[in-house]
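What follows is each chain in one-letter form.
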Amino acid sequence: MQRVPEPELMQNLDQVKAYAEADFNESDDQLLSRIQEYLCDNSKIPDSTSLIIDIGCGPGNLTERISGNWPTSKVIGLDGSEAMLCIARDRQKQKNKRSTALNIQYLNLNISLIGNEIGALEKRADLIVSNSFFHHMHNSSNFWKALKLFSHKGSVHFHRDLRRPSSQDEVVALQKKYLTNSPTVLIDDYLASLQAAFTVDEVKDQLRSEGLDHLRVYEVEDRYLEVVGIF
């Protein structure tokens, strides 16, 4: 099945509201657990000197979990959608009122521009993660270039995304399996995301082209791929 790109930035207010209200707790907890396991296996536990970046953070679901898990580390959530970041910042304010302040900074940065050396962060990150973001890129090279700008020797990478099914029938089957009773806007977006996603072989080719083939690509379950490694 041919790839069909979708918009890079999620600015539609109905989309933003649906994502902010959706329950992604199970998948977010699973992803955080896999990140923790990889860090432990490689003796790369974040500490008070560490910088962690969550690329395409959206409303901050995973960013908040990362901050809570490594509360002494600085955590930066990046997203090109100011509408998403407004929700993330508001959620942070509400949590800070109820409990210990989360050490998070949210920045509006377009990864496509960062990939062209615009808006790079001052400090290189020790851990760089993303969740269901990579498939939004129209030019995949911009994503890998951004990772290089964010990384130093020893930076840990853990990126999870959907992987593109082989047929339209499989796209529909996955939607019915995982989002049967979800709002229409989320179902439509999920179908579009599956069609916009990359295959494992495509990602491997991209990594080779960018000189990043020391990062590894894995199929996970029936719908994900993960790009994992140390820079």
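Residues numbered from 1 in each chain as written. Predicted model: local features only at pLDDT ≥ 70, side-chain atom pairs only at ≥ 80, totals over all residues. Heavy atoms only, no water.

S.K.: Can you lay out unusual backbone geometry for me, pointing to particular residues and giving the numbers?
M.R.: Phi is positive for Ser132, which is not a glycine, with a value near 55°. Take Ser132: it is sitting in the loop between β4 (125-131) and α6 (140-150). You will see that Glu221, though not glycine, has its phi angle at about 55°, which is positive. (Helix = DSSP H or I, 4+ residues; strand = E, 2+ residues; numbered from the N terminus.)

S.K.: Pulling in residues and values, what's your account of the pairing of strand β1 (residues 51-55)?
M.R.: Most of β1 sits inside the fold, with 5 of its 5 residues counted as buried. Of the two faces of β1, the one lined by Leu51, Ile53 and Ile55 and the one lined by Ile52 and Asp54 are each fully buried. Bridge count between β1 and strand β2 (residues 74-79): 5 bridges; the pairing is parallel. Along β2, the bridge assignment pairs Ile52 with Val75. Relative to β4, β1 runs parallel, the two sharing 4 bridges. Each bridged residue has a counterpart across the sheet, and for Ile53 the counterpart in β4 is Ile128. (Buried < 20%, exposed > 50% of the residue type's maximum accessible area, 1.4 Å probe, protein only. Pairing = 2+ DSSP bridges.)

S.K.: Break down the pairing of strand β5 (residues 151-162) for me, with residues and values.
M.R.: Most of β5 sits out of view: 10 of its 12 residues are buried. Examined bridge by bridge, β4 and β5 share 6 bridges and lie parallel to one another. Within β5, the position partnered with Ile128 by the bridge is His157. The β-α-β motif built from β4, the intervening α6 and the parallel element β5 has right-handed crossover chirality. Sheet topology note: the β5/strand β7 (residues 224-230) ladder contains 7 bridges and is antiparallel. If you follow Phe158 over to β7, its bridge partner there is Val228. (Right-handed = clockwise from strand over helix to strand, strands pointing away.)

S.K.: I'd like to hear about the nonpolar core, residue by residue, with values.
M.R.: Counting 29 residues, the largest nonpolar core has Ile55, Ile111, Phe143, Trp144, Phe150 and Val203 as its most contacted members. For this core, the secondary structure elements donating two or more residues are β1, β2, α5 (111-114), β4, α6, α9 (200-209) and β7. Excluding anything up to four places from it in sequence, Val203 contacts Phe134, Trp144, Phe198, Val217, Leu225 and Val227. Counting residues in hydrophobic clusters, the runner-up holds 19 residues, among them Ile52, Leu62, Leu85 and Val129. (Core = buried A, V, L, I, M, F, W, Y, C linked by side-chain atoms within 4.5 Å. Contact = heavy atoms within 4.5 Å.)

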